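Spelled out from the first residue to the last, the chains are:
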Amino acid sequence: MIGLLKCEYRKTRRRYVFITALVITACELVFAFYGKYEGFILENGWMSFLYQLPLINSIFFPVLSIVVASRLCDIEHKGQQLKLLCTMTEKGRLYDAKLLYGLGIVSLCLAVTFGAEIIFGKVMGFGGELPVKLYLIYMLFTAAPTFAVYVFQHTLSMLFKNQAIPFFAGIIGEFAGLFSMFLPQLPALRKAIIWGYYGVLQFVGLYGWTKETRYENAYFEIYDRDWTFFAVLVVLTVVMYLIGRKLFDMKEV
Amino acid sequence: MLLKLLKAERMKLRRSPVWIAFIIMPVVPALLGTINYLGNLGVLQSEWYSLWTQHTLFTCYFFLPILIGVYCSYIMRLEQNNHNWNRLLVMPVPRGLVYMSKLITASLMIALSEIWIGALFIISGKLCGLSAAPPWLELIKWCAFGTLGGIVMAAVQLCISIFIKSFALPVGIAFGGGISGLALLAKGYGYIWPYSLMAYGMESNAPQEAMTVSSGPFAVICIGYIALFTIAGSILMSRKEL
């Protein structure tokens with residue numbers, strides 16, 4: 001496996017995959033940090049981030065996953081490389097190596113995002129201490145849907161030579177996931193699609209905000225963490241991985 | 001000559017499933033945006049205008065730019081695969097016309113999706129039981145200007161896809177472009193930046209307010225950009241090794 005991962009690294013050298021992923025991450029950070037930090041928001045900055053960031057993550061991380069998965073898998077589709085590679089190693093191992101390499105890139109971007117968010121909060125002088133435990137759970141609850149989406153995109157990108165198909169499937173799913181976050185009256189919708197889990201696992205809500213009084217009576221509330229649906233998501237990810245690996249194994253290259 | 005090239009483009013795209021995305025994608029905001037509208041009638045009181053905002057807000061900023069990026073990447077990919085550029089460029093056809101035929105093909109798809117967005121808007125409004133008459137003239141204007149802004153985006157994306165021989169990278173740039181468009185729109189420069197022209201034309205964030213730039217100058221800006229990027233694309237095709 002180490003050998004295969006080294007091969008992946010060599011194949012992607014000077015293809016700017018990591019830089020592309022970092023640029024998307026930078027866009028997310030600019031988008032997330034844009035705004036006025038004063039009064040209530042500055043005082044409750046840490047909670048405000050935990051409330052706002054899942055929505056922003058649901059826009060950017062699926063796109064990051066689509067682009068990274070497509071870039072890595074497209075190398076093989078171009079020039080019929082899969083025919084050559086599958087004579088040298090098992091198809092399943094190739095699927096795993098590409099998946100691990102892609103997840104590594106996505107994990108690095110997640111780490112950069114989390115680090116930047118905390119540094120930004122410190123520099124801006126958010127009120128109170130950093131709620132370390134809540135932020136660790138937030139990181140876990142952001143990484144889990146991102147990995148699920150990545151496994152889905154990786155499978156589609158490996159299966160289809162036409163990369164427009166995984167792109168379209170991913171974008172439509174992401175769109176549905178983003179909208180599901182604005183529909184609390186339809187909790188089943190966000191639970192039914194992997195892109196909706198950024199919302200399912202969100203555990204901070206804002207109450208008391210109105211157009212007239214704005215933040216005068218506003219407050220943040222921490223919900224119970226939904227470990228049941230976190231477990232459901234992990235199981236879903238494993239099932240998608242097993243099905244994807246099997247489908248790739250059966251595919252004629 | 002151009003008609004023949006368009007026919008050739010159509011033949012290349014036959015049986016390709018990419019058009020399906022342009023049909024399915026607008027259904028998502030139409031369905032979920034309408035549910036959101038019905039759930040927030042207390043806040044969203046401007047009937048058809050509020051419904052339009054719900055249908056188009058995210059579509060213009062994030063999703064249509066990506067779809068246009070994917071479509072343009074796909075159109076160019078057909079030539080990049082198997083050295084098709086070499087075959088295409090030895091034909092006795094001006095390179096500018098080749099670029100234009102690809103741009104027109106993408107434009108038709110954008111126009112189709114705008115018409116579909118408009119149709120879904122009317123159907124949703126009727127199903128919601130909105131009492132006022134639909135704002136037909138404004139709807140036609142939003143869709144026409146949205147198409148025009150989308151064509152500008154497609155012209156830029158085709159240039160990028162000539163320059164970068166990757167499928168995913170231009171789509172990433174389209175996504176970044178959509179976000180930059182949102183930022184510039186918020187700053188009041190939506191009528192200048194190619195990636196914000198579509199959202200600006202569709203008036204997705206404030207359909208009741210008058211555009212800061214009136215219809216005439218907006219159309220001139222769009223046509224100017226389309227001409228500029230068509231020339232740039234033709235020059236790129238002539239100078240760059242494809």
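Our subject is the structure that appears above.
Not measured: the values here are computed from a predicted model.

Cut-offs applied
Residues numbered from 1 in each chain as written. Chains lettered and ligands numbered in written order. Predicted model: local features only at pLDDT ≥ 70, side-chain atom pairs only at ≥ 80, totals over all residues. Heavy atoms only, no water. Helix = DSSP H or I, 4+ residues; strand = E, 2+ residues; numbered from the N terminus. Rg over C-alpha atoms; globule rule 2.2 N^0.38 Å. Buried < 20%, exposed > 50% of the residue type's maximum accessible area, 1.4 Å probe, protein only. Contact = heavy atoms within 4.5 Å. Areas by Shrake-Rupley, 256 points an atom, 1.4 Å probe, with all protein chains shown as cover. Lys, Arg positive; Asp, Glu negative; His and termini not counted. Charge placed at Lys NZ, Arg CZ, Asp CG, Glu CD. Buried area = accessible area lost by both parts, 1.4 Å probe. Salt bridge = Lys/Arg side-chain N within 4 Å of Asp/Glu carboxyl O. Polar contact = N/O pair within 3.5 Å; in protein donor to acceptor, adjacent residues only side chain to side chain. Patch = residues over 30% accessible without salt bridge, like charges linked within 9 Å, V, L, I, M, F, W, Y side chains within 5 Å. Axes fitted to C-alpha atoms, helices over the stretch in contact; angles between N-to-C directions. Parallel < 35°, antiparallel > 145°, perpendicular 65-115°, else oblique. Left-handed = near helix turned anticlockwise from the far one by under 90°. Nonpolar A, V, L, I, M, F, W, Y, C, P; charged D, E, K, R; others polar.

Asker: With reference to specific residues and values, describe the overall build of chain B.
Answerer: Assigned secondary structure in chain B consists of ten helices and zero strands. The N-to-C order of helical and strand elements in chain B reads α-α-α-α-α-α-α-α-α-α. For chain B, the C-alpha radius of gyration of 19 Å lies close to 18 Å, the compact-globule estimate for 242 residues. Expressed as a percentage of its 242 residues, the buried residues of chain B come to 57%. Intrachain contacts of chain B at a sequence separation of at least 6 include 78% that bridge at least 24 residues. Surface exposure of chain B reaches about 10400 Å², of which carbon and sulfur atoms provide 69%. Side-chain charges in chain B split into 16 positive and 8 negative, and the spacing between the mean points of these groups amounts to 17 Å.

Asker: Outline the overall build of chain A, supporting the account with residue identities and numerical values.
Answerer: Secondary structure summary: chain A contains eleven helices and two strands in total. Put simply, chain A runs from its N terminus to its C terminus through helices and strands in the order α-α-α-α-α-α-α-α-α-α-β-β-α. Against the 2.2 N^0.38 benchmark of 18 Å for 253 residues, chain A shows a C-alpha radius of gyration of 20 Å, consistent with a compact globule. By residue count, 54% of the 253 residues in chain A fall in the buried class.

Asker: Would you mind going over the interface of chain B and chain A in detail, with residue names and values included?
Answerer: Contact residues are listed per partner, giving 34 residues for chain B and 32 residues for chain A. Regarding the contact of chain B and chain A, the summed buried area is about 3000 Å², with carbon and sulfur atoms giving 83% of it. Considering only the side of chain B, the residues that lose the most area to chain A are Leu-32, Phe-58 and Phe-63 of chain B, jointly responsible for 19% of the buried surface there. Where chain B packs against chain A, one counts one salt bridge. One salt bridge in this structure joins Asp-74 of chain A and Arg-77 of chain B, with 2.8 Å as the shortest N-O distance. The tally of links between chain B and chain A comes to three residue pairs in polar contact (both at pLDDT 80 or more). When contributions to the side of chain B that touches chain A are tallied by element, the ones reaching two or more residues are helix H2 (18–24), helix H3 (27–39), helix H4 (48–80) and helix H8 (168–186) of chain B. With ten residues, the top contributor of residues to the side of chain B that touches chain A is H4 of chain B.

Asker: Help me get a handle on a positive patch on the surface, residues and values and all.
Answerer: Among the surface-exposed residues, Lys-6, Arg-10, Arg-13 and Arg-14 of chain A lie close enough to one another that they form a single positively charged patch. By secondary structure assignment, the location of Arg-10 of chain A is in helix H1 (residues 2–12).

Asker: Describe in detail the packing of H4 of chain B against helix H6 (residues 95–128) of chain B, supporting the description with residues and values.
Answerer: Residue and element names in this part refer to chain B. Close contact between H4 and H6 brings their axes to 10 Å; oriented N to C, the two are set at 155°. One element, H4, and the other, H6, form an angle in the roughly antiparallel class. Pair H4 / H6 crosses with right-handed handedness. Its residues placed into classes, the contact of H4 with H6 shows 16 nonpolar, seven polar and four charged.

Asker: Provide a residue-level description of a nonpolar patch on the surface, including the pertinent values.
Answerer: A cluster of nonpolar side chains, namely Val-235, Val-239, Ile-243, Leu-247 and Met-250 of chain A, defines an oily patch on the protein surface of about 460 Å² accessible area. Tracing the backbone through its elements, the reader meets Leu-247 of chain A in helix H11 (residues 227–250).

Asker: I'd love a proper account of the pattern of salt bridges, names of residues and values included.
Answerer: Applying the stated criterion across every chain yields a total of eleven salt bridges over all chains. Between Arg-245 of chain A and Asp-96 of chain A there is a salt bridge; the shortest N-O distance is 2.9 Å. Separated by 149 residues along the polypeptide, Arg-245 of chain A in helix H11 and Asp-96 of chain A in helix H6 (residues 91–124) bring together distant segments of the chain. Residue Glu-79 of chain B pairs with Lys-102 of chain B through a salt bridge whose shortest N-O separation is 2.7 Å. Of the two residues, Glu-79 of chain B is situated in helix H4 and Lys-102 of chain B in helix H6; the sequence distance between them amounts to 23 residues. The class of Glu-79 of chain B is buried, set by a relative accessible area of 2%. Through salt bridges that share partners, Glu-8, Lys-11, Glu-76 and Lys-98 of chain A make up one connected network.

Purely geometric numbers; function is a separate question.
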